[in-house]
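One-letter residues, chain by chain:
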Amino acid sequence: MRMYDIIMKKRNGAELSKEEIQFFIDGYTKGEIPDYQASALMMAIYFQKMTERETLALTMSMADSGEKLDLSAIQGIKVDKHSTGGVGDKTSLALTPMVAACGIPVAKMSGRGLGHTGGTIDKLESFPGFTTALTTEQFIANVNRIGIAIMGQTADLAPADKKLYALRDVTATVDNLSLIASSIMSKKLAAGADGIVLDVKTGSGAFMKQEQDARALAEEMVKIGKNAGRKTIAVISDMDQPLGYAVGNGLEVKEAIDTLKGNGPKDFVELCLALGSQMLLAGGKAVNSKEAEEKLKGVIEDGSALKKLAEFVEAQGGDSKAVYHTELLPSARIVHSVKAAKSGFVSHIVCDEVGICSLILGGGRETKDSMIDLAVGIVLCKKTGDYVRAGEALAVIHANDMEHAMEAQERYLRACIITDQAPAPVPLIKAVIQ
Ligand code: URA
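None of these values were measured; they are calculated from a predicted model.

**Regarding the layout of surface pockets**
By volume, the largest pocket is sized at about 1800 Å³. The set of elements that each furnish at least two residues to the lining of the largest pocket consists of strand 1 (79-83), helix 5 (91-101), strand 2 (106-110), helix 6 (120-124), helix 8 (159-169) and helix 9 (177-190). Here the lining of the largest pocket gets six residues from one element, more than from any other, and that element is helix 8. In this structure, the second largest pocket spans a volume of roughly 510 Å³. Residue lining of the second largest pocket: 22 residues in total, with Gln241, Asp267, Lys383, Thr384 and Val426 positioned closest to the centre. At the level of elements, helix 12 (266-282) and strand 8 (344-349) are the ones that each hand at least two residues to the lining of the second largest pocket.

**What about helix 16 (residues 351-361)?**
Counting buried positions over the 11 residues of helix 16 gives 10, a clear majority of the element. Cys351, Asp352, Glu353, Val354, Gly355, Cys357, Ser358, Leu359, Ile360 and Leu361 are the residues of helix 16 that are buried. Once helix 16 finishes, Gly362 follows within two positions and takes phi at roughly 110 degrees, a positive value.

**Describing the environment of Ala390**
Structurally, the position occupied by Ala390 is in the loop between strand 10 (387-388) and strand 11 (393-399). With a relative accessible area of 46%, Ala390 lands in the partly exposed category. If near-sequence neighbours (up to four positions away) are discounted, Ala390 is found in contact with Ala340, Ala341, Lys342 and Ser343.

**Overview of the sheet that holds strand 7 (residues 334-339)**
Backbone-to-backbone hydrogen bonds join strands into a sheet, with any given pair of strands oriented parallel or antiparallel. Pairing is antiparallel across the open sheet formed by four strands, whose spatial order is 6-9-11-7. The sheet is open, and its two borders are formed by strand 6 (246-247) and strand 7, each paired with just one other strand. In the packing of helix 16 onto the sheet, the strands contacted are strand 6, strand 9 (377-380) and strand 11, and the crossing angle to strand 9 comes to about 140 degrees.

**Description of the pairing of strand 12 (residues 416-419)**
The side chains of a regular strand alternate between the sheet's two faces. Residues of strand 12 alternate between two faces, with Cys416 and Ile418 buried on one and Ile417 and Thr419 left unburied on the opposite face. Here strand 8 pairs with strand 12 via four bridges, running antiparallel. In the strand pairing of strand 12, His348 is matched with Ile417.

**Points about unusual backbone geometry**
The residue Lys49 is not glycine, and still its phi comes out positive at about 65 degrees. For Lys49, the position within the fold is in the loop between helix 3 (35-48) and helix 4 (52-63). Its identity is not glycine, yet Ala172 carries a phi of approximately 55 degrees, on the positive side.

**Examining the pairing of strand 3 (residues 148-152)**
Within strand 3, four of the five residues are buried, which leaves it mostly tucked inside the rest of the structure. Here five bridges tie strand 2 to strand 3, and the two strands are oriented parallel to one another. Counterpart to Val106 in the pairing with strand 3 is Ile148.

**Re the nonpolar core**
Formed by 73 residues in total, the largest nonpolar core has its most connected members in Met98, Phe127, Phe312 and Tyr412. Of the residues forming this core, the biggest block, eight residues, is contributed by helix 12. Formed by 21 residues, the second largest nonpolar core is a distinct cluster that contains Ile6, Leu16, Leu58 and Met62.

**Concerning the site of the ligand**
The local shell around the ligand consists of Tyr165, Arg168, Ile180, Ser183, Ile184, Lys187 and Phe207. In this structure, Tyr165 approaches the ligand through a side-chain N or O atom, which is 3.4 Å from a nitrogen atom. One of the side-chain nitrogen or oxygen atoms of Arg168 is found 2.9 Å away from an oxygen atom of the ligand. When atom positions are compared with the pocket grids, the ligand is found to occupy the largest pocket. Elements supplying a minimum of two residues to the shell around the ligand: helix 8 and helix 9. Here the element with the most residues in the shell around the ligand is helix 9; it accounts for four residues. Of the residues that constitute the shell around the ligand, the class distribution is four nonpolar, one polar and two charged.

**A look at the packing of helix 16 against helix 17 (residues 402-415)**
The geometry of helix 16 relative to helix 17 is characterised by a closest axis approach of 9 Å and an angle of 175 degrees between their N-to-C directions. Between helix 16 and helix 17, the angle is such that the two are roughly antiparallel. Each of Glu353, Val354, Ile356, Cys357, Ile360 and Leu361 in helix 16 lies in contact with helix 17, whose residues at this interface are His404, Ala405, Glu407, Ala408, Arg411, Tyr412 and Ala415. Of the residues belonging to the contact of helix 16 with helix 17, the class tally is nine nonpolar, one polar and three charged.

**Observations regarding the environment of Ser347**
Position of Ser347 relative to the elements: it lies in strand 8. Remark: the alpha-carbon pair of Ser347 and Thr419, spanning 72 residues in sequence, is separated by 6.1 Å. In this view, Ser347 contacts Thr384, Ile417, Thr419 and Pro423; residues no more than four positions away in its chain are not counted. A distance of 3.4 Å separates polar atoms of two side chains, one belonging to Ser347 and the other to Thr419.

**Regarding the packing of aromatic side chains**
Tallying each qualifying case throughout the model produces four aromatic pairs. Taken together, a centroid distance of 5.2 Å and an interplanar angle of 90 degrees make the contact between Tyr46 and Phe47 edge-to-face. On the basis of relative accessibility, which here comes to 26%, the residue Tyr46 falls in the partly exposed class. Under the relative-accessibility criterion, Phe47 is labelled exposed at 58%. Here the aromatic rings of Phe345 and Tyr387 are separated by 5.2 Å at their centres, their planes lie at 75 degrees, and the arrangement is edge-to-face. Here Phe345 is found in strand 8, whereas its partner Tyr387 is found in strand 10, with 42 residues between them in sequence. Judged by relative accessible area, Phe345 falls into the partly exposed class, the value being 22%.

Rules of the game
Residues numbered from 1 in each chain as written. Predicted model: local features only at pLDDT ≥ 70, side-chain atom pairs only at ≥ 80, totals over all residues. Heavy atoms only, no water. 1 Å grid on protein atoms, 1.4 Å probe; cavity = no way out; pocket = protein on both sides within 12 Å on 5 of 7 lines; lining within 4 Å. Points joined across faces, edges and corners; volume = space filled by probe spheres on them. Helix = DSSP H or I, 4+ residues; strand = E, 2+ residues; numbered from the N terminus. Buried < 20%, exposed > 50% of the residue type's maximum accessible area, 1.4 Å probe, protein only. Contact = heavy atoms within 4.5 Å. Pairing = 2+ DSSP bridges. Axes fitted to C-alpha atoms, helices over the stretch in contact; angles between N-to-C directions. Core = buried A, V, L, I, M, F, W, Y, C linked by side-chain atoms within 4.5 Å. Near = heavy atom within 4 Å. Polar contact = N/O pair within 3.5 Å; in protein donor to acceptor, adjacent residues only side chain to side chain. Sits in = over half its atoms within 2 Å of the grid points. Nonpolar A, V, L, I, M, F, W, Y, C, P; charged D, E, K, R; others polar. Parallel < 35°, antiparallel > 145°, perpendicular 65-115°, else oblique. Phe/Tyr/Trp six-rings, centres within 6.5 Å; stacked < 30°, edge-to-face > 60°.

By themselves, these figures tell us nothing about what the structure is for.
What follows is the structure in structure tokens.
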């Protein structure tokens, strides 16, 4: 086989065989196929698209390109959850202890934040001492002992995707549906869970700005999951404004803890219940959504989800006292209210701009190696549809220097649109794709 022929075949619009895709992934992972030929193939795929068979073959080859997590030593049906990323998306922090408290073993690999979206690992590191640097043995032992463990993605998990995603990033070939779906699913399949619940976000803070694109991505990923023999469900949820009120690592941890104490924001609770129900159904812990929701509400009401979070933090070296005393989480020196210039309804909050406010304050990463400040961020006081009076607080900025606080304030005021008319309400859950 020659890479030249594979590129030409795809360029001319023909379907690549499983063997040709495997040849490309093997050779590219080993460094035998150069970046310029891989880029040419990515561009040919970008224009010619891939069939369902090709997409599955690419996903499986990438999933098999490195180490695969073997979770067979963990009893029970393992159900993973993945979000395509958003602003204020602290779902894993509350949802994983909730489902673990309902008996679903949680063995999760999570990532760090980049750009305007945050990452679960950064957020968890707000607990003093917390680490995700576990060996696979410790990871599995923790799940068997307390029902939950989260670790960082190992360097050898789907290495073909890692290399290819970095290449797509600099060759304008990221935004092809089959390539995105196979990239995400290759990592999920390699991470070993029996069931996968995908939270596909749409709106101004999401990767997929348009709902029809989010739906197409969700359908593509569900098809891959099913074809790979994993139970896969996708929930399409709104990311046209931040989820909950808090944006910023430590601030989001506090909001997740408040949620487990029964005081969560309405939209965030709704999302946790929707995703959690799908996880319980996939894991055989409920027979219908009603029963699943009751179980999830039950573990909040009886305190067992909060206790599970404390056990999990403790097992990974963190200070679990912070679960009960959130004043032990990182806090910023400056707490500054952003006041509305006029009265009216908040008709839109440009969501990725709010993520950028947090980034400006130091809460996000501009490059992979940037240091982040876990204490800073922004807490919304008004969400879309709320009425605000002139001079009333729209949000509260948590900062460690005044110059960045003022910059974030200016940006937030531009991102928060106030009009005389109330906007039409938008549902949080847009669809569930089975
Ligand atoms: N996230 C991924 O992991 N891969 C993509 O291609 C796009 C988003």
